[in-house]
Amino acid sequence: MRPSWDEYFMNIVELVKTRSTCLRRQVGALIVKDKRILASGYNGAPVGCKHCVEIGCLRDKLGIPSGQRHELCRATHAEQNAIVQAAYSGTSVRDSVMYVTTQPCVLCAKLAINAGITKIIFKGDYPDDLSMELLQEAGVRVIKFEEPEDALNIQT
């Protein structure tokens, strides 16, 4: 069966997340406009810096729970990397849709709002109520993706 556009892009974002170098959570993001992919991103250390898979997880060492103290992490989030990738190539993401494997954190929500992303479709939950509050306040449509029972899944 042919997948819907949302299924198609969510399957791609599942593949994108396999490039992640985070030891805690692999996340992938995709920015789409008019059914065309503008940029992708996954969570990992900045270009030229060592990844957590090489040197260990600072957050684990410090005992930091998920959803807290985002600044104490080597990784750039998948959503941030997708927005930066678009900016790096001079691609506007205004009025686009972001597909992401996990609900955005507050930092990524603020970037998405300011980048002009108008809709976010995500799969997994994340413990950050403020991000959802800000997205709603800014008028960004946020939809939790529900996998159809008969969908073709990419195994990661």
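Keep in mind it's a predicted model, so treat the numbers as computed, not measured.

Scoring rules and cut-offs
Residues numbered from 1 in each chain as written. Predicted model: local features only at pLDDT ≥ 70, side-chain atom pairs only at ≥ 80, totals over all residues. Heavy atoms only, no water. Pairing = 2+ DSSP bridges. Helix = DSSP H or I, 4+ residues; strand = E, 2+ residues; numbered from the N terminus. Axes fitted to C-alpha atoms, helices over the stretch in contact; angles between N-to-C directions. Contact = heavy atoms within 4.5 Å. Phe/Tyr/Trp six-rings, centres within 6.5 Å; stacked < 30°, edge-to-face > 60°. Buried < 20%, exposed > 50% of the residue type's maximum accessible area, 1.4 Å probe, protein only. Expected span 1.5 Å × (residues − 1). Parallel < 35°, antiparallel > 145°, perpendicular 65-115°, else oblique. Left-handed = near helix turned anticlockwise from the far one by under 90°. Nonpolar A, V, L, I, M, F, W, Y, C, P; charged D, E, K, R; others polar.

Visitor: Please explain the sheet that holds strand β3 (residues 97-102) as it appears in this structure.
Guide: Hydrogen bonds between backbone groups are what pair the strands of a sheet, and the pairing can be parallel or antiparallel. Taken together, the five strands give an open sheet; going across it, the order is β2-β1-β3-β4-β5, and neighbouring strands pair in mixed fashion. Looking at the sheet topology across the chains shown, the edges are occupied by β2 (36-42) and β5 (141-144). For this sheet, the mean inter-axis angle between neighbouring strands, taken without regard to orientation, is 20°. Bridge analysis of strand β1 (residues 28-33) against β3 gives four bridges, and the strand direction is antiparallel. For I31, the partnering residue across the bridge sits in β3 and is M98. Set on the sheet, helix α1 (residues 5-16) makes contact with β1, β2, β3 and β4 (119-124); between it and β3 the angle comes to about 55°.

Visitor: When you look at the packing of aromatic side chains in this model, what are you seeing that I'm missing?
Guide: When we look at a pair of aromatic rings, we describe it by the centre distance and by the angle of the planes. What the rule picks out here adds up to four aromatic pairs. Considering the side-chain rings of Y8 and F9, the 5.1 Å spacing of their centres and the 65° angle between planes classify their relative orientation as edge-to-face. Accessibility expressed as a relative area gives 2% for F9, which makes it buried. Ring pairs connect the aromatic residues W5, Y8, F9 and Y99, which therefore count as one cluster.

Visitor: Is there a simple way to think about the environment of G67 in this case?
Guide: Residue position: G67 is located in the loop between α3 (58-62) and α4 (78-88). The class for G67 is buried, based on a relative accessible area of 16%. For G67 and R24, which are 43 residues apart along the polypeptide, the C-alpha to C-alpha distance reads 12 Å.

Visitor: Got a minute to help me understand α1 in this structure?
Guide: Residues that lie three or four places apart on an α-helix share one face, since the helix turns once every 3.6 residues. With 12 residues, α1 ought to run about 16 Å at 1.5 Å a step, and its terminal C-alpha atoms sit 16 Å apart, in line with that. Turning to α1, its buried residues are E7, F9, M10, N11, V13, E14 and V16.

Visitor: Looking at this structure, how should I read the environment of L23?
Guide: Within the secondary structure, L23 is located in the loop between α1 and β1. Overall, the relative accessible area of 48% leaves L23 in the partly exposed class. When the C-alpha positions of L23 and L130 are compared, they lie 25 Å apart, and in sequence the two are 107 residues distant. Not counting chain neighbours up to four residues away, the residues in contact with L23 comprise C52, V53, G56 and C57.

Visitor: Would you explain the packing of α4 against helix α5 (residues 106-115) in this entry?
Guide: Each pair of packed helices can be described by the angle between their axes along with the distance between the axes. Contact pair α4 / α5: the axes reach a minimum separation of 9 Å and the direction vectors enclose 25°. Comparing the axis directions of α4 and α5 gives the class roughly parallel. In terms of crossing hand, the pair formed by α4 and α5 is left-handed. Residues E79, Q80 and I83 of α4 form the contact with α5, whose own contacting residues are L107, C108, L111, A112 and A115. Looking at the contact of α4 with α5 residue by residue, the class counts come to six nonpolar, one polar and one charged.

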